[in-house]
Amino acid sequence: MTEECIENPERIDVNADLIKARNETNLKELIHPNEGNNSTLLILNQKIDIPRSLFYKIWKLHDLKVCADGAANRLYDYLNDNETIRVKYLPDYIIGDLDSLSDKVFNYYKKNRVIIIKQTTQYSTDFTKCVNLISLHFNSPKFHALISNEDNCQPNHGIELEKGIHTLYNNMTKSLVFSEVTPISLLALGGIGGRFDQTVHSITQLYTLSKSASYFKLCYMTPTDLIFLIKKNGTLIEYDPRFRNSCIGNCGLLPIGEATVIKETRGLKWDIKNWPTSIVDGRVSSSNRFVGQKCCFIDTEHDIVLNVEIFVDKLIDFL
Ligand SMILES: Nc1ncnc2c1ncn2[C@@H]1O[C@H](COP(=O)(O)OP(=O)(O)OP(=O)(O)O)[C@@H](O)[C@H]1O
Ligand SMILES: Cc1ncc(C[n+]2csc(CCO)c2C)c(N)n1
């Protein structure tokens, strides 16, 4: 089939009712999770660089807050105004090999009863440790009992120091029926745009979670973008037109994991059909944008990464 590309006007009607989409994503829900989902704000070890009002709001919108190791330093520094504020924004967990967590910050959060779990393995990243922990938190009563046992005087909350969290996770997944697991909206701050190996690792997690723990809906938020995975075989992306107009800019369909064919898009400024896309061949749809009034549709042969430009100063008005 021959490829096609058409240039649309700035706004067009895309009738969602006529589209048979296997998957649906609401743009706002990536930041403001659906009430029915479990939700987590994951803070990674990069300077927190979004407006304070937005950070506070996002914090309140998520059930669970987790810091990956040195991310706790970033949180501590971000809330540098006064102690009254800092003590209101305590994460539920800090986990990692604890090589980047400063003594001052460790002691502060320990004193304030944050659960700090050390995991020394150098065969997984602190990011992966966080993800296993989050899944255990929501899905394992056994883990919950261990952690919330006030009488637990064992070191490291009874979790084996090297890779106990991975062992607990692997054991839990043996009896976990994925289709019955409540979805977990996972919004990650940091992880993209700093060190390049860490950034690429973060991208691998989009694919890995989609394959091995698909109940996670992972989205990265940076000062300029939301970055998430569009599942193959048709995804409808919905948004409030006012939200789109104020908070959303360009987008890119990025076949980072593997080359694919974009079978069809509806509602992009440059809509395409049967369009091969590949990093190796230097062919990606970048600097595109949503022109569907309320939604757009993307249908690809393989999962593909989507970045959506956001205007962080405007987001707060819509959350
Ligand atoms: N410069 C960075 N850019 C992007 N993401 C980062 C960066 N530094 C850390 N992260 C993210 O934050 C997490 C926790 O950070 P931490 O400093 O503990 O990293 P780490 O796992 O010890 O890695 P390394 O030992 O390679 O520095 C990492 O697993 C990664 O996901
Ligand atoms: C092939 C291979 N490459 C790199 C590492 C190193 N490594 C991977 S994750 C991690 C933890 C970072 O906190 C470290 C040090 C390894 N183990 N195996």
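This is a predicted model, so every value here is computed, not measured.

Novice: What's the story with the packing of helix H5 (residues 126-139) against helix H6 (residues 141-148) in this structure? I'm lost.
Specialist: When two helices pack together, their arrangement is given by the angle between the helix axes and the distance between those axes. Viewed as axis vectors pointing N to C, H5 and H6 meet at an angle of 95 degrees, and their least axial separation amounts to 6 Å. In this view, H5 runs roughly perpendicular relative to H6, as classed from their interaxial angle. Between H5, through Leu133, Leu136, His137 and Asn139, and H6, the contact on the second element is made entirely by Pro141, Phe143 and His144. Looking at the contact of H5 with H6 residue by residue, the classes come out as 4 nonpolar, 3 polar and no charged.

Novice: Honestly, the site of ligand 1 in this entry has me stumped. Any pointers?
Specialist: Lining the immediate surroundings of ligand 1 are 14 residues, of which Asn45, Asp69, Asp126, Phe127 and Arg195 lie closest. At 2.8 Å, a side-chain N or O of Asn45 approaches an oxygen atom of ligand 1. In this structure, Arg195 approaches ligand 1 through a side-chain N or O atom, which is 3.0 Å from an oxygen atom. A total of 600 Å² of accessible area belongs to ligand 1 in isolation, and the protein chains cover 80% of it.

Novice: Hey, could you run me through helix H7 (residues 164-174) in this one?
Specialist: An α-helix turns once every 3.6 residues. As a result, residues three or four positions apart point the same way. When we look at burial in H7, the residues that qualify are Gly164, Ile165, His166, Tyr169 and Met172. Contacts from the buried residues of H7 go to strand E5 (93-96), strand E6 (115-118), H5, H6 and helix H8 (196-212).

Novice: Whenever I open this one, the sheet that holds strand E1 (residues 4-7) confuses me. Can you help?
Specialist: Backbone-to-backbone hydrogen bonds pair the strands of a sheet. The strands run either parallel or antiparallel. The strand order across the open sheet formed by 6 strands is E1-E13-E12-E15-E10-E2, and the pairing between neighbours is mixed. One side of each edge strand has no neighbouring strand; the edge strands of this open sheet are E1 and strand E2 (23-26). Neighbouring strand axes in the sheet, compared pairwise and without regard to direction, differ in orientation by 20 degrees on average. Both strand E12 (residues 260-266) and strand E13 (residues 270-277) contribute to a ladder of 4 bridges, which runs antiparallel. Note on E13: the bridge partner recorded for Ile262 is Trp275.

Novice: Looking at this structure, how should I read the packing of aromatic side chains?
Specialist: The description of two aromatic rings rests on the distance between their centres and on the angle between their planes. If you walk through the whole model with that rule in mind, you get 14 aromatic pairs. Centre to centre, the rings of Trp59 and Tyr89 are 5.4 Å apart; their planes meet at 75 degrees, and the pair counts as edge-to-face. Of this pair, Trp59 sits in helix H1 (residues 52-61) while Tyr89 sits in the loop between helix H3 (83-86) and E5; the two residues are 30 residues apart in sequence, bridging distant segments of the chain. Overall, Tyr89 belongs to the buried group, its relative accessible area being 7%. Pairing Phe243 with Phe318 gives two aromatic rings, centres 5.8 Å apart and planes at 75 degrees, and the pair type is edge-to-face. Taken together, the positions of Phe243 in helix H9 (residues 241-247) and Phe318 in the segment after helix H10 (312-315) put the pair 75 residues apart, joining distant regions of the chain. The exposure classification of Phe243 matches that of Phe318, with both residues buried. Grouped by ring-pair contacts, the aromatic residues Phe55, Tyr56, Trp59, Tyr78 and Tyr89 constitute a single cluster. Above the ring of Tyr78, the side-chain terminus of Arg52 is found at 4.8 Å from the ring centroid. The ring of Tyr76 has Arg86 lying over it, and the distance from NZ or CZ to the ring centre is 3.6 Å.

Novice: Could you clarify how one ought to interpret the site of ligand 2 in this entry?
Specialist: In the neighbourhood of ligand 2, the contacting residues comprise Asp97, Gln122, Tyr123, Ser124 and Thr125. Gln122 is positioned with one of its backbone polar atoms (N or O) 2.7 Å from a nitrogen atom of ligand 2. Computed on the free molecule, ligand 2 has an accessible area of 450 Å², of which 42% lies beneath the protein chains in the complex. Split into classes, the residues belonging to the shell around ligand 2 amount to 1 nonpolar, 3 polar and 1 charged.

Novice: I tried to follow the domain arrangement of the protein on my own but got confused; where do I start?
Specialist: How large an interface is tends to be reported as the accessible area lost when its parts come together. Along its sequence, the protein is carved into domain 1 (1-22 + 231-319) and domain 2 (37-223). Look at where the C-alpha atoms of domain 1 and domain 2 centre, and you get two points 30 Å apart. With 15 residues of domain 1 at the contact, the number on the domain 2 side is 14 residues. It is Val312, Ile316 and Leu319 that lose the most area in domain 1 upon contact with domain 2, and together they represent 47% of the buried surface on that side. Our count for the domain 1 to domain 2 interface comes out at 0 salt bridges. Inspection of the domain 1/domain 2 interface yields 3 residue pairs in polar contact (both at pLDDT 80 or more). Those elements that provide at least two residues to the side of domain 1 that touches domain 2 are strand E16 (304-310) and H10. Of the residues that constitute the side of domain 1 that touches domain 2, the class distribution is 10 nonpolar, 1 polar and 4 charged.

Rules behind the numbers
Residues numbered from 1 in each chain as written. Chains lettered and ligands numbered in written order. Predicted model: local features only at pLDDT ≥ 70, side-chain atom pairs only at ≥ 80, totals over all residues. Heavy atoms only, no water. Axes fitted to C-alpha atoms, helices over the stretch in contact; angles between N-to-C directions. Helix = DSSP H or I, 4+ residues; strand = E, 2+ residues; numbered from the N terminus. Parallel < 35°, antiparallel > 145°, perpendicular 65-115°, else oblique. Contact = heavy atoms within 4.5 Å. Nonpolar A, V, L, I, M, F, W, Y, C, P; charged D, E, K, R; others polar. Near = heavy atom within 4 Å. Polar contact = N/O pair within 3.5 Å; in protein donor to acceptor, adjacent residues only side chain to side chain. Areas by Shrake-Rupley, 256 points an atom, 1.4 Å probe, with all protein chains shown as cover. Buried < 20%, exposed > 50% of the residue type's maximum accessible area, 1.4 Å probe, protein only. Pairing = 2+ DSSP bridges. Phe/Tyr/Trp six-rings, centres within 6.5 Å; stacked < 30°, edge-to-face > 60°. Lys NZ or Arg CZ within 6 Å of the ring centre and 35° of its normal. Domains from an automatic or database assignment. Buried area = accessible area lost by both parts, 1.4 Å probe. Salt bridge = Lys/Arg side-chain N within 4 Å of Asp/Glu carboxyl O.

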